[in-house]
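# Examining the three-dimensional arrangement
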Amino acid sequence: MLFWSVPLNIIITAAFFPFFWEPISFPTNSIIFAVVTGILNGLGLLFFLSALSKDKLSLVSSIGSAYPVITIILGIIILRETLSTFEAIGIFLVMFGVIAAGFVYAAKKFQLTSSLTILLFSQLLWGFGFFFYKLSLPGLGWYASTLVSTTALAAVMAPYAYIKGDGRAALKNNLLLPIAFSILLAVGGTLVYAYGISIERTAIVTPISAMFPLVAIVLGFIFLKERLQIHQYAGITAVLIGIIILSV
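A short tour of the structure in this document, coming up. (Residues numbered from 1 in each chain as written. Predicted model: local features only at pLDDT ≥ 70, side-chain atom pairs only at ≥ 80, totals over all residues. Heavy atoms only, no water.)

We now examine the overall build of the protein. Looking only at helices and strands, the protein features 13 helices and two strands. Considering the protein as a whole, with its 248 residues, one finds that 45% of them fall into the buried category. Considering only contacts within the protein whose residues lie at least 6 apart along the sequence, 86% involve residues at least 24 apart. Per element, the accessible surface of the protein, about 12600 Å² overall, is 75% carbon and sulfur. (Helix = DSSP H or I, 4+ residues; strand = E, 2+ residues; numbered from the N terminus. Buried < 20%, exposed > 50% of the residue type's maximum accessible area, 1.4 Å probe, protein only. Contact = heavy atoms within 4.5 Å. Areas by Shrake-Rupley, 256 points an atom, 1.4 Å probe, with all protein chains shown as cover.)

In this section: a nonpolar patch on the surface. Taken together, Val215, Val218, Leu219, Phe221, Ile222, Phe223, Leu224 and Tyr233 make up a surface patch of nonpolar side chains, about 760 Å² in accessible area. In terms of residues, the nonpolar patch owes the most to one element, helix α12 (residues 213-223), which gives six residues. Mapped onto the secondary structure, Val215 falls in helix α12. (Patch = residues over 30% accessible without salt bridge, like charges linked within 9 Å, V, L, I, M, F, W, Y side chains within 5 Å. Salt bridge = Lys/Arg side-chain N within 4 Å of Asp/Glu carboxyl O.)

Glancing now at helix α6 (residues 85-101). Since one α-helical turn is 3.6 residues long, residues separated by three or four positions face the same way. A rise of 1.5 Å per residue sets the reference length of α6, with its 17 residues, at 24 Å; its end C-alpha atoms lie 24 Å apart and thus fit the reference within 8%. Burial in α6 covers these residues: Glu87, Gly90, Ile91, Val94, Gly97, Val98, Ala100 and Ala101. (Expected span 1.5 Å × (residues − 1).)

Here the focus is the packing of aromatic side chains. Evaluation of the coordinates by the stated rule reveals eight aromatic pairs. A centroid spacing of 5.4 Å and a plane angle of 40° characterise the contact between Phe48 and Trp126, whose relative ring orientation is tilted. Of this pair, Phe48 sits in helix α3 (residues 28-52) while Trp126 sits in helix α7 (residues 116-140), and the two are 78 residues apart along the sequence. On the basis of relative accessible area, Phe48 is assigned to the buried category, the value being 11%. Among the residues examined, Trp126 registers a relative accessible area of 11% and is labelled buried. The interplanar angle of 70° and the centroid separation of 5.9 Å between the aromatic rings of Phe131 and Phe132 together place this pair among those described as edge-to-face. Residue classification places Phe132 among the partly exposed positions, given a relative accessible area of 22%. (Phe/Tyr/Trp six-rings, centres within 6.5 Å; stacked < 30°, edge-to-face > 60°.)

In this section: the nonpolar core. Judged by nonpolar contacts, the single largest core of 25 residues is most densely connected at Ile63, Val94, Val98, Leu119 and Ile236. For Leu119, the residues in contact, after removing those within four places along its chain, are Phe48, Ala51, Val60, Ile63 and Gly64. If you look at the next biggest cluster of nonpolar residues, it comprises eleven residues, including Leu8, Ile12, Val187 and Ala194. (Core = buried A, V, L, I, M, F, W, Y, C linked by side-chain atoms within 4.5 Å.)

Next up on the list: the packing of α3 against α7. Direction vectors running N to C along α3 and α7 enclose 160°, while the axes themselves pass 7 Å from each other. As the angle between them shows, α3 and α7 are arranged roughly antiparallel. In this structure, the crossing between α3 and α7 has a hand that is left-handed. When grouped by side-chain class, the residues that make up the contact of α3 with α7 number 21 nonpolar, nine polar and no charged. (Axes fitted to C-alpha atoms, helices over the stretch in contact; angles between N-to-C directions. Parallel < 35°, antiparallel > 145°, perpendicular 65-115°, else oblique. Left-handed = near helix turned anticlockwise from the far one by under 90°. Nonpolar A, V, L, I, M, F, W, Y, C, P; charged D, E, K, R; others polar.)

Set out below in structure tokens:
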């Protein structure tokens, strides 16, 4: 899948050029920020995929969605964005939920899930990535920044996709069309997020974008028959409530 997702990601993003392109000056610092965004998000995605291969979709997606906490903290410290008491409660719930969901009870004791440590790296990379994306917007605009960061992300993913060598398997199993459709959905979500963050505070838009676990949990429960422990469901609920609080 990764072999084909790399070029398709760039092609589909570039296809929106006639609709969203705006005249820009391409300042060097904004280009650097956009490239850094793509590199960090690409590395974060590799860690996320590694965690996904070791644990349940519903659990991995929920813990992975906590990255806005990093972006929000950076926005407060560096961009001087404000945070209300209500929003601080939301951050606390997200952090509590990640900790609760990240442990599994086995052999009469709580143990870290196999994916938690990997996902922490993913959260850190994504959190910094979306922060740098915000910094790239004044000079490039939301679409150009997305196109540049997407290209940089593809450059990070390409070597891994080549080594993994799953391109022929996708063709053999007639998976190219489903892959293209999934990339179209991913690119559409990215563009909507990019536009949102260009007109609203990072501390607000980023948490809303992290609500994707709701879909993953439902799909994992219905199609993959995934079942978690009670405290993990409680942790996931805390994460989602925290994200909702941060988005209102």
